[in-house]
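These are the residues of each chain, in order.
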Amino acid sequence: MSKNKTVKRLQQKGVKTLAWLSLGVATIGGTAAAGTFIGDWVAAVFDWIPWEWLAPLVLAILFITTAIDLLIDLLPNKAAIYSVIALPSVAAAAPGKFGDTLGGWFDALMGWVNDTLVEWLGTDSAVGLAIACIVAAVLMARRVIKKSAGATAEA
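Cut-offs and rules
Along each chain, the written sequence defines residue order, and numbers are assigned to residues from 1. Local features are withheld for residues below a pLDDT of 70 in this predicted model, meaning they are given only at 70 or higher, and side-chain atom pairs are given and counted only at 80 or more; totals for whole chains, interfaces and linings count all residues. Side-chain measures here rest on the full set of heavy atoms in the structure, leaving out hydrogens and waters. Strands are runs of DSSP state E lasting at least 2 residues, helices are runs of H or I lasting at least 4, and numbering of each runs from the N terminus. A contact between two residues is defined here by any heavy atoms of the two lying within 4.5 Å. Here, Shrake-Rupley sampling with a 1.4 Å probe gives the accessible areas, and only protein chains in the shown set may cover a residue. For helices, the fitted axis covers only the stretch in contact; all axes are lines through C-alpha atoms, and the angles between them, taken along N-to-C directions, range from 0 to 180 degrees. Put simply, angles under 35 degrees are roughly parallel, angles over 145 are roughly antiparallel, angles from 65 to 115 are roughly perpendicular, and the rest are oblique. Each crossing gets its handedness from the near helix: less than a right angle anticlockwise from the far helix is left-handed, clockwise is right-handed. Just so you know the grouping, Ala, Val, Leu, Ile, Met, Phe, Trp, Tyr, Cys and Pro go in nonpolar, Asp, Glu, Lys and Arg go in charged, and all remaining residues, Gly too, go in polar. Patch membership is restricted to residues that have no salt bridge and whose relative accessible area is over 30%. Joining uses 9 Å for like charges and 5 Å for the nonpolar side chains Val, Leu, Ile, Met, Phe, Trp and Tyr. Just to be clear on terms, a salt bridge is a Lys or Arg side-chain nitrogen sitting within 4 Å of an Asp or Glu carboxyl oxygen. The classification of residues rests on relative accessible area computed with a 1.4 Å probe and restricted to protein chains. Under 20% of the type maximum is buried, over 50% is exposed, and intermediate values are partly exposed. The aromatic pairing rule takes the rings of Phe, Tyr and Trp, using the six-membered ring of Trp, and pairs them if the centres are within 6.5 Å, calling planes under 30 degrees apart stacked, those over 60 edge-to-face and the rest tilted. The term nonpolar core refers to a set of buried residues drawn from Ala, Val, Leu, Ile, Met, Phe, Trp, Tyr and Cys, joined through side-chain atoms within 4.5 Å. pLDDT measures how confident the predictor is about each residue, on a scale from 0 to 100.

Looking now at the overall build of the protein. From N to C terminus, the protein includes 6 helices and 0 strands. In the protein, the proportion of contacts linking residues at least 24 apart, taken out of those at least 6 apart, comes to 77%. As displayed, the protein has an accessible area near 9500 Å², and 68% of this comes from carbon and sulfur atoms.

The N-to-C vectors of helix H3 (residues 54-73) and helix H4 (residues 78-93) enclose an angle of 150°; their axes lie 9 Å apart at closest approach. With respect to their mutual orientation, H3 and H4 come out roughly antiparallel. Pair H3 / H4 crosses with left-handed handedness. In this structure, H3 uses Ala55, Val58, Leu59, Leu62, Phe63, Thr65, Thr66, Asp69 and Leu70 to contact H4, whose residues at the interface are Ala79, Ala80, Ser83, Val84, Ala86, Leu87, Val90, Ala91 and Ala93. Across the contact of H3 with H4, the residue classes tally to 14 nonpolar, 3 polar and 1 charged.

Quick look at a nonpolar patch on the surface now. On the surface, Phe37, Trp41, Val127, Ile131, Val135 and Leu139 cluster together into a nonpolar patch covering about 590 Å² of accessible area. The leading source of residues in the nonpolar patch is helix H6 (residues 126-154), at 4 residues. Counting through the fold element by element, Phe37 comes out in helix H2 (residues 37-48). Accessibility expressed as a relative area gives 38% for Phe37, which makes it partly exposed.

Our next topic: the packing of aromatic side chains. Scanning the entire structure with this criterion turns up 3 aromatic pairs. On the basis of an interplanar angle of 35° and a centroid distance of 6.1 Å, the ring pair of Trp51 and Trp53 is categorised as tilted. Judged by centre distance (5.4 Å) and plane angle (90°), the rings of Phe63 and Phe98 are edge-to-face. Remark: Phe98 occurs in helix H5 (residues 97-121) and Phe63 occurs in helix H3; sequence separation between them is 35 residues.

So, about the nonpolar core. Core analysis: the biggest nonpolar cluster contains 20 residues, and Leu23, Ala26, Ile81 and Leu129 have the highest contact counts within it. Counting residues per element, the ones that place at least two in this core are helix H1 (3-34), H4, H5 and H6. The element best represented in this core is H6, accounting for 7 residues. In this structure Leu129 touches Ile28, Ala32, Met110, Val113 and Leu117, once residues within four positions along its chain are discounted. The next biggest cluster of nonpolar side chains, apart from the first, holds 13 residues, and it includes Phe46, Leu54, Ala94 and Leu102.

So, about the side chain of Asp69. Within the element layout of this structure, Asp69 appears in helix H3. Apart from residues no more than four positions distant in its own chain, Asp69 is found in contact with Leu75, Pro76, Asn77, Ala79 and Ala80.

Let's shift gears to unusual backbone geometry. With phi around 55°, Leu74 is a residue other than glycine that occupies positive phi space. Within the fold, Leu74 resides in the loop between H3 and H4. The class for Leu74 is exposed, based on a relative accessible area of 60%.

The next thing to look at is the confidence of the model for the protein. Averaged over every residue, the pLDDT of the protein is 82; the share at 70 or more is 87%. H3 holds the highest mean pLDDT among the elements of the protein, 92, whereas H6 holds the lowest, 70. Across residues 148-155, where pLDDT falls below 50, the model places 3 contacts with residues more than four positions away in sequence or in other chains.

Structure (structure tokens):
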């Protein structure tokens, strides 16, 4: 095997790792954001809009977008990253069992993250965590998309 093929294979593994890491960071960032003023703004927008069915519809679209993006190539791309960032805030604003179930999952995740932050850092700043994770996830997603597009073009 040539040196170039080995390097390309390692780069592809690095891209996959970065993509999944960005999805995890996006999930934590979106979950933290739902518990801050960002989640309150999303809820206020859905309260202001007169159609009660809009929040569950947006929630379903975000969930389906994430699932389809992951199923297409088993690699989270921008659509999945952005959807996962928005999912917890929309789930908190959506009435019904689907929103409650997703909201419960995100609450459990945030409880684990907060417990870990308190143990390791002595504090649990949801706003700082949300901003840092969302920015990191978006930057990683942009890098993953650029890398995966270049990897397929050269192959």
